[in-house]
Every structure is written in C-alpha cells, then in structure tokens.
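So the chains spell out like this:
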Amino acid sequence: MSAPFVDFQEVKSRASVEKVAQFLGLQLKSAGKQFRSACSACNQGGDRALVLTPEKGLFYCFSAKTGGDCIALASHIKGVSQKDAAGLIAEHFGISGTVQSTVNRTVQSPPKQPAQRHSFDPEQYAQRLDPTAEPLGHLNLSVATLTEWKSGYANHGTHRGRLALRLDDRHGKCVGYLGYALKGEQPKITAPNGVNVAEHIFGAHRAKAGTLYLVRDPLQVLQAYDSGVENVVSFLTDITPASLTILTSLMDTIGCDSVELF
C-alpha cells in the first residue's frame with residue numbers, strides 16, 4: 001500500500017490535516033478554530049483527546065503526547081512510518097512525486113555569549129542555551145518551539161545537563177529558569193534559589209480566553225504548542241488546594257470559560 005515516490009511537500013500542500021483526518025475516519029467536532037476528536041490509535045483520553053488546528057496544518061494527541069502535520073497524523077493513526085503514511089495519503093488523493101524527507105535539517109545554533117557576572121540576565125542566559133543539542137532529540141520538540149520559549153540544553157551552570165525552561169509569571173516577566181531532567185534524575189524539576197514553583201503555573205503568561213488545557217508536565221506544554229495547541233498550561237508540583245486557587249485566579253483574570261485536564 002505504500003507509495004515509494006511521494007513528495008512530502010506536495011502531499012502537505014494538497015491534503016489538509018482536516019481532509020486527512022476525515023480520510024482516516026476520525027469523527028471531528030468543531031471547537032472554535034480547531035477540531036476535536038477521539039484518537040482511534042490510543043482509545044483513551046475521551047472524545048476530545050485529539051486536537052486539529054487547520055490554520056497551522058497541525059494536530060496534537062494529548063493521550064500519546066505527540067503531534068505534527070498531516071503525514072504525522074496518518075502515521076500515528078495507522079501505526080506506520082511517515083514514508084508509508086505519505087504513500088497512503090498520496091494514493092488516496094492522487095498525488096505523486098519524489099520522496100523528500102524534511103525531518104533532518106541543518107540548523108545553526110544561536111551565538112553563545114558569556115554571561116554577566118554581576119547579575120542574572122535571562123536574555124543572555126537564553127542565548128547560551130542550545131536548542132539543537134543531541135540530548136534533546138528524544139523530546140520531539142522543534143528548534144523553533146524551544147527558541148520561541150527561550151529554552152534549550154544547558155551546558156553550564158546549575159542546570160547543566162538538563163533542559164533549561166524559562167519560567168515567566170502571568171505577566172510575562174522572567175522569574176528564573178527551571179532545570180528539567182533528561183535522564184531520570186531526581187528531582188525531575190529544579191528551580192533557582194528563591195523561586196517557589198508551587199506559586200507558579202507554567203505557560204500562564206500565554207493563557208487566553210476560551211478553553212484552557214491543563215497538562216501534568218511543562219514538557220507537554222511545549223509539545224502541544226509545537227503541534228498548534230497554544231492555550232496549554234501545567235502545574236510544577238502536585239495538584240493542591242493552593243495550586244487550584246492560583247489556577248482559578250488565572251482563569252478569572254483571562255476570562256477562561258472552561259478547563260480540561262489531561
């Protein structure tokens with residue numbers, strides 16, 4: 001069933017993620033500018049586990065914590081390689097061409113600059129992080145998303161060997177950088193001195209009115225963003241009455257009408 005000669009770019013330009021979802025038999029329900037559906041590959045997470053963002057041509061599955069373009073969607077639902085998924089789409093929509101994988105790109109690392117000694121400068125710190133580092137490869141995050149969130153692999157400092165995640169307050173002011181473990185180290189998340197992570201919600205500065213998605217890990221926030229789902233936040237500790245109070249306050253401030261937990 002696979003087609004050995006398929007132009008990936010041609011497939012994505014001629015077969016929208018919405019059309020591919022319909023071809024795959026997903027039952028889509030409109031949710032503003034997005035569509036929601038159960039994930040037939042996961043069979044868990046309910047009938048809203050999978051999100052399509054047509055204007056970006058992307059999907060995200062909260063159950064599998066994976067996302068991508070229409071080819072990645074077919075690969076996920078059918079359980080086949082992306083090459084075979086592209087072939088299935090091309091065969092259905094009558095597309096032909098030459099295989100052109102766009103997965104591996106050479107990305108120039110941002111210039112690294114020495115940190116100021118007298119005070120912490122979050123902008124300079126971000127420039128020294130490496131979003132292209134090999135230890136981040138298994139996280140399934142694009143360089144563009146890590147750069148957008150001013151995060152990356154730390155080769156220095158207290159978070160050395162970890163994914164350094166910028167933590168902003170709800171107004172977008174940096175309060176410091178978190179260190180996210182990549183090899184099962186404990187604690188999983190480290191915070192700078194003086195920062196109580198229980199008082200913060202990761203991604204709160206990007207939250208807006210409408211449905212808010214609450215996930216259990218800051219990495220899932222970035223993975224969802226990478227797949228076109230932007231209104232996603234996470235706690236940095238276990239859910240407590242205090243953290244729920246902070247979440248309620250955030251929802252009241254931004255005019256959020258509902259929250260979904262994944």
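Trainee: Just checking my understanding: could you explain the overall build of the protein chain for this structure?
Mentor: Scanning the protein chain for helices and strands turns up 8 helices and 13 strands. The buried share of the protein chain, taken over its 262 residues, is 45%. Taking contacts inside the protein chain between residues at least 6 apart in sequence as the whole, the part at least 24 apart equals 53%. Working note: accessible area of the protein chain is about 13300 Å², and carbon and sulfur atoms make up 49% of it.

Trainee: Where do I start with the sheet that holds strand E1 (residues 29-31) in this structure?
Mentor: The pairing of strands in a sheet happens through backbone hydrogen bonds and is either parallel or antiparallel. Strand order across the open sheet formed by 5 strands is E1-E2-E3-E4-E5, with antiparallel pairing between neighbours. Looking at which strands have only one partner, the edges of the open sheet turn out to be E1 and strand E5 (66-68). Between one strand axis and the next, the sheet turns through 20 degrees on average, direction left out of account. Pairing between E1 and strand E2 (residues 34-37): 3 bridges, direction antiparallel. Opposite Lys 29, over in E2, you have Arg 36 as the bridge partner.

Trainee: Can you help me understand the sheet that holds strand E13 (residues 258-261) in this one?
Mentor: Spatially, 4 strands are ordered E10-E12-E11-E13 in an open sheet, and the strand pairing comes out mixed. A strand with exactly one partner marks an edge of an open sheet, and here the two such strands are strand E10 (201-202) and E13. Of the pairings in the sheet, the one linking E10 to strand E12 (residues 232-235) comprises 2 bridges and is antiparallel in character. Across the sheet, the residue bridging to Ile 201 is Phe 235, located in E12. Sheet strands in contact with helix H7 (residues 218-226) are E10, strand E11 (211-215) and E12, and its direction is about 170 degrees off that of E12.

Trainee: Explanation requested: the nonpolar core in the structure shown.
Mentor: Among the nonpolar cores identified, the biggest contains 31 residues, and Phe 62, Leu 136, Leu 163, Phe 202, Leu 222, Val 229 and Val 232 are the most heavily contacted of them. At the level of secondary structure, the elements contributing two or more residues to this core comprise strand E7 (163-168), strand E8 (174-180), E11 and H7. The element best represented in this core is H7, accounting for 5 residues. Not counting chain neighbours up to four residues away, the residues in contact with Val 232 comprise Phe 62, Phe 202, Gly 203, Tyr 213, Val 215, Val 221 and Ala 224.

Trainee: How do you make sense of the pattern of salt bridges when you look at a structure like this?
Mentor: Opposite charge on two side chains permits them to pair, given that their charged atoms come into close proximity. Counted according to the given criterion, the structure contains 12 salt bridges. Here Asp 168 ties to Arg 166 by a salt bridge, and the two come within 3.0 Å at their closest N and O atoms. The residues Asp 168 and Arg 166 share a single accessibility class, namely buried. Here the salt bridges do not stand alone but share partners, grouping Glu 123, Lys 150, Arg 166 and Asp 168 into one network.

Trainee: Honestly, the environment of Glu 123 in this entry has me stumped. Any pointers?
Mentor: Note that Glu 123 resides in helix H5 (residues 122-128). The exposure class assigned to Glu 123 is partly exposed, which follows from its relative accessible area of 36%. Those residues in contact with Glu 123, other than ones at most four positions away along the chain, are Lys 150 and Arg 166. Among the polar contacts made by the side chain of Glu 123, one reaches the side chain of Lys 150 at a distance of 3.2 Å.

Trainee: Got a minute to help me understand the layout of surface pockets in this structure?
Mentor: Taking a probe equal in size to a water molecule and rolling it over the atoms shows the remaining empty space. Empty space within the second largest pocket amounts to approximately 330 Å³. What lines the second largest pocket is a set of 17 residues, among which Lys 33, Gln 34, Lys 208, Glu 230 and Asn 231 lie closest to the centre.

Trainee: Would you take a moment to explain the environment of Ser 142 for this structure?
Mentor: Looking at where Ser 142 falls in the secondary structure, it is placed in the loop between H5 and helix H6 (143-148). Residue class for Ser 142 comes out partly exposed when judged on its relative accessible area of 25%. When the C-alpha positions of Ser 142 and Pro 131 are compared, they lie 8.3 Å apart, and in sequence the two are 11 residues distant. A polar atom in the side chain of Ser 142 sits 3.1 Å from the backbone nitrogen of Thr 145.

Trainee: I'm lost on the packing of helix H3 (residues 70-78) against helix H4 (residues 82-93) in this one. Help?
Mentor: Helix packing geometry: the angle between the two helix axes and the distance between the axes. Direction vectors running N to C along H3 and H4 enclose 105 degrees, while the axes themselves pass 8 Å from each other. In terms of their interaxial angle, H3 and H4 are classed as roughly perpendicular. Along the contact surface, H3 presents Cys 70, Ile 71, Ala 72, Ala 74, Ser 75 and Lys 78, while H4 presents Gln 82, Ala 85, Ala 86, Leu 88 and Ile 89.

Thresholds applied
- Residues numbered from 1 in each chain as written.
- Predicted model: local features only at pLDDT ≥ 70, side-chain atom pairs only at ≥ 80, totals over all residues.
- Heavy atoms only, no water.
- Helix = DSSP H or I, 4+ residues; strand = E, 2+ residues; numbered from the N terminus.
- Buried < 20%, exposed > 50% of the residue type's maximum accessible area, 1.4 Å probe, protein only.
- Contact = heavy atoms within 4.5 Å.
- Areas by Shrake-Rupley, 256 points an atom, 1.4 Å probe, with all protein chains shown as cover.
- Pairing = 2+ DSSP bridges.
- Axes fitted to C-alpha atoms, helices over the stretch in contact; angles between N-to-C directions.
- Core = buried A, V, L, I, M, F, W, Y, C linked by side-chain atoms within 4.5 Å.
- Salt bridge = Lys/Arg side-chain N within 4 Å of Asp/Glu carboxyl O.
- Polar contact = N/O pair within 3.5 Å; in protein donor to acceptor, adjacent residues only side chain to side chain.
- 1 Å grid on protein atoms, 1.4 Å probe; cavity = no way out; pocket = protein on both sides within 12 Å on 5 of 7 lines; lining within 4 Å.
- Points joined across faces, edges and corners; volume = space filled by probe spheres on them.
- Parallel < 35°, antiparallel > 145°, perpendicular 65-115°, else oblique.

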